[in-house]
Structures are given as structure tokens and as C-alpha cells.
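Each chain is listed here by its residues.
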Amino acid sequence: MIDAVALDPIPVNADYVWALAALGGATFLGASTQRITGVGFALVAAPFLSMLLGPFNGVLLVNALGTLTSLLVLVQVFREVEFRRVLLMLGPAIVAIVPGSWVAIHMPSSLLSIIVGAMIIVALAASLTVRTPPVLLRGRLGAGIAGFISGFMNVTAGVGGPAVAAYAQASQWQHRAFAASAQLYFLGVGLASLAAKREMPALDGLQWLSCGLALTGGIVLGNVLGPRVPPRASMTAVLVLAFTGAVLILFRGVAMLA
């Protein structure tokens, strides 16, 4: 785990350098995946950032970087956003952030690790196994339910994408429009999550620099690879990486309880 130091000299040693590289790598993969698929920053980055920084600070960083990523991508795809659908999801999502932020702040670190890992695993399993989404995930009601679940998971686990993706599949949302609209949705949810927690991630200067460079590089790579990578291939990679990280977080929480 990375320990951020605000005032003391930065402890640059082998462990710190490896952790810094892992921090940048998770951010890079998350940003590039988000640009290619429209979702995926949290699915890829949340497990590994939570493992590096701890469940609360890791999810807090996912919220911050995911929000910034959505903003940078939104600038490029703004004309294709479907505002009505975004608003149908965003209202319930913001409501759900209130109880979710209380859970994230007051839950013991070990239990939060278990919950975060389990929530990601359940979300991933659902996205792989549910072929015919229920009627409740369609129309205005479906948008509201998906937004509420997504908002709660975003503030507690840093992962709000699966519920929104399930709604997009159930409502047969055209992928190009969904990928653009998702950026505005995640921007709103991310800002609300950060405001609810009233904190910013505790990182030192080198860690912020690593994240900034990795995020920029990931978006640039996504711009280049996006038209060339088949959606199925990119999403398969997202699921494999995220599932691996979620299992590691879950085991870490169990080990802390032992």
C-alpha cells in the first residue's frame, strides 16, 4: 500500500517506485479502456487502486480520476450525448450517493475491502451471466433503478458502470450514443461522490504526477486504438483484469480480519 506524505520528504525506494509504477499502470489502463469502450475506468482501476491505497482512499482516487477522465472524453464526444437519458439516471444516482458515502466513511477498512471486492465480483458476474435483462431495467423505471444502484456502488466501491451498462443493454441503447452519454453521467456522479465525502485522495506530488501522466497517456492511446479494437475484445480484457483485482481485494480484507 502507498503511504502518502504531505510534509515529510518522499521516501523514494524500490518499494515506493514499484508502487508508483503500479499506480500509474492502473490509471493508464483505466483511462484507455474508458476512452475505447465508454465505460471501464473504475472496473479496471478500482480493484488495483484500492489494493494499493486501501479501500477508502483507493475508491476516493477512482472517483477523482474517473471524473477527470469522463470530463476529458466528454469534450470530444459532447455532440452525441443524449441528455434526457442521462438526467433520468443521474437524479436517482445522486440520491443513492448520500447513504453510500456514509457507508464508505464509517465502515472499518477490513469490512470495506470485503464489501468492495464482493460488489465488484457480483457486478462482473451479473454482466457475464444475465443475457435477458428483466423488465425493471427498461424504460424510465429501468433508468432510475440503474442510476440508484450505480450511484451507491460508485461512492462505496468506485464502480458504477455495470448497472448503467445493464440498462443500456436492456433498452437497446445504441453504443455510440451510450458511450458519449456515459461520460456526462459519470462526470455528474463523480462530482457528487467527491462532494459527499468532502475529501480528496491523500497522495504526494510524485503520485499525482504519475496519475496525471498516465491518465493523459491512456486517453491518447484510446483515441488511437478505439477505432481499431473490437468492442468484444476490449470488454473481455476489462472483465479479466477487474475480476483479478477484485479477488485480491476480497482476500486482503479477509486477511485483515484474521
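Going by the structure above, here's the rest.
Sequence positions are assigned chain by chain, starting from 1 and proceeding in written order. Owing to the predicted nature of the model, reporting of local features is limited to residues with pLDDT of at least 70; listing and counting of side-chain atom pairs is limited to 80 or more, with chain, interface and lining totals taken over all residues. Processing note: side-chain calculations cover all non-hydrogen atoms of the structure and skip hydrogens and water entirely.

**Details of the packing of aromatic side chains**
Inference 1: The pairing test for Phe, Tyr and Trp rings, Trp by its six-membered ring, is centres within 6.5 Å, and the orientation test on the planes gives stacked under 30 degrees, edge-to-face over 60, and tilted for anything in between. Considering all chains together, one arrives at four aromatic pairs under this definition.
Inference 2: On the numbers, 5.2 Å between centres and 70 degrees between planes, the contact of Y185 with F186 is edge-to-face.
Inference 3: Judged by relative accessible area, F186 falls into the buried class, the value being 11%.
Inference 4: Taken together through their ring pairs, the aromatic side chains of Y167, W173 and F178 make up a single cluster.
Inference 5: Both a distance and an angle decide whether a charge sits over a ring: NZ of Lys or CZ of Arg must be within 6 Å of the ring centre and within 35 degrees of the ring normal. Over the ring of W173 we find R85, and its NZ or CZ is 4.7 Å from the ring centre. Each residue's exposure class comes from its accessible area (1.4 Å probe, protein chains only) as a fraction of the maximum for that residue type: buried when under 20%, exposed when over 50%, partly exposed otherwise.

**A closer look at unusual backbone geometry**
Inference 1: Non-glycine residue R198 carries a positive phi angle of around 55 degrees.
Inference 2: Mapped onto the fold, R198 is located in the loop between α8 (175-197) and α9 (205-225). The helix and strand labels rest on DSSP assignments: H or I over at least four residues marks a helix, E over at least two residues marks a strand, and numbering proceeds from the N terminus.

**Here's the deal with the packing of helix α7 (residues 161-170) against α8**
Inference 1: Angular values range over 0 to 180 degrees, each being the angle between N-to-C directions of two axes fitted as lines to C-alpha atoms, with helices fitted over their stretch in contact. The interhelical angle for the contact between α7 and α8, taken along N-to-C directions, is 145 degrees, at an axis separation of 12 Å. The interaxial crossing formed by α7 with α8 has right-handed handedness. Contacts from G161, V164, A165 and A168 in α7 reach F178, Y185 and F186 in α8.
Inference 2: Gly is put with the polar residues, along with every residue not named as nonpolar or charged; the nonpolar set is Ala, Val, Leu, Ile, Met, Phe, Trp, Tyr, Cys and Pro, and the charged set is Asp, Glu, Lys and Arg. Considering only residue class, the contact of α7 with α8 consists of six nonpolar, one polar and no charged. Rotating anticlockwise by less than a right angle from the far helix to the near helix defines a left-handed crossing, while the corresponding clockwise rotation defines a right-handed one. We call two residues in contact whenever any of their non-hydrogen atoms come within 4.5 Å of each other.

**Remarks on the environment of S110**
Inference 1: Relative to the helices and strands, S110 resides in helix α5 (residues 109-129).
Inference 2: Owing to a relative accessible area of 12%, S110 belongs among the buried residues under this scheme.
Inference 3: Separated by 56 residues in sequence, S110 and G54 have C-alpha atoms that sit 9.2 Å apart.

**Comments concerning the pattern of salt bridges**
Inference 1: Note on definitions: salt bridges are taken to be side-chain nitrogens of Lys or Arg within 4 Å of carboxyl oxygens of Asp or Glu. The full count for this structure, using the stated rule, is one salt bridge.
Inference 2: Among the salt bridges present, the one from R176 reaches E80, with a minimum N-O distance of 2.7 Å. Of this pair, R176 sits in helix α8 while E80 sits in the loop between α3 (55-77) and α4 (83-106), and the two are 96 residues apart along the sequence.
Inference 3: Owing to a relative accessible area of 55%, R176 belongs among the exposed residues under this scheme.

**Some points on the side chain of S210**
Inference 1: With respect to the element layout, S210 can be found in helix α9.
Inference 2: Here a polar contact means two N or O atoms within 3.5 Å. Within protein one must be a hydrogen donor candidate and the other an acceptor candidate, and residues neighboring in sequence count only if both atoms are side-chain atoms. From its side chain, S210 meets the backbone oxygen of L20 in a polar contact 3.4 Å long.
Inference 3: Apart from the residues within four sequence positions on either side, S210 is in contact with L20 and G24.

**Details of a nonpolar patch on the surface**
Inference 1: The grouping of L68, L71, L72 and V75 at the surface amounts to a nonpolar patch, some 330 Å² of accessible area in total.
Inference 2: Inspection of the secondary structure assignment puts L72 in helix α3. To count toward a patch, a residue needs a relative accessible area over 30% and no salt bridge; like charges are then connected within 9 Å, while nonpolar side chains (Val, Leu, Ile, Met, Phe, Trp, Tyr) are connected within 5 Å. For the accessible areas, the method is Shrake-Rupley and the probe is 1.4 Å, while residue cover comes only from the protein chains on display.

**Observations concerning the nonpolar core**
Inference 1: The biggest cluster of nonpolar side chains holds 47 residues, and the ones touching the most others in it are L23, L49, L61, M89, W173, F178 and Y185.
Inference 2: Of all the elements in the fold, those that place two or more residues in this core are α1 (14-37), α2 (41-53), α3, α4, α6 (139-157), α7, α8 and α9.
Inference 3: Leave out the neighbours within four places in its chain, and Y185 touches V86, M89, L90, A93, G147, S150, G151 and V164.
Inference 4: By nonpolar core we mean a set of buried residues, namely Ala, Val, Leu, Ile, Met, Phe, Trp, Tyr and Cys, connected to one another through side-chain atoms within 4.5 Å. Counting residues in each nonpolar core, the second largest holds seven residues, with V59, L112, V116 and M153 among its members.

**Some words on α1**
Inference 1: Between the first and last C-alpha of α1 there are 34 Å, a value that for 24 residues agrees with the 34 Å anticipated at 1.5 Å per step.
Inference 2: A positive backbone phi angle near 95 degrees is found at G38, which sits one or two residues after α1. A helix is expected to reach a length of 1.5 Å times the quantity of its residues less one.

**A look at the packing of α6 against α7**
Inference 1: Running from amino to carboxyl end, α6 crosses α7 at an angle of 165 degrees, the nearest separation of the two axes being 7 Å. Relative to α7, α6 is oriented roughly antiparallel. Between α6 and α7 lies a crossing of right-handed hand. Contact residues: G139, G142, A143, A146, I149 and S150 in α6; A163, V164 and Y167 in α7.
Inference 2: When the residues that make up the contact of α6 with α7 are grouped by side-chain class, the tally is six nonpolar, three polar and no charged. What sets the label is the angle itself: under 35 degrees gives roughly parallel, over 145 gives roughly antiparallel, 65 to 115 gives roughly perpendicular, and the rest give oblique.

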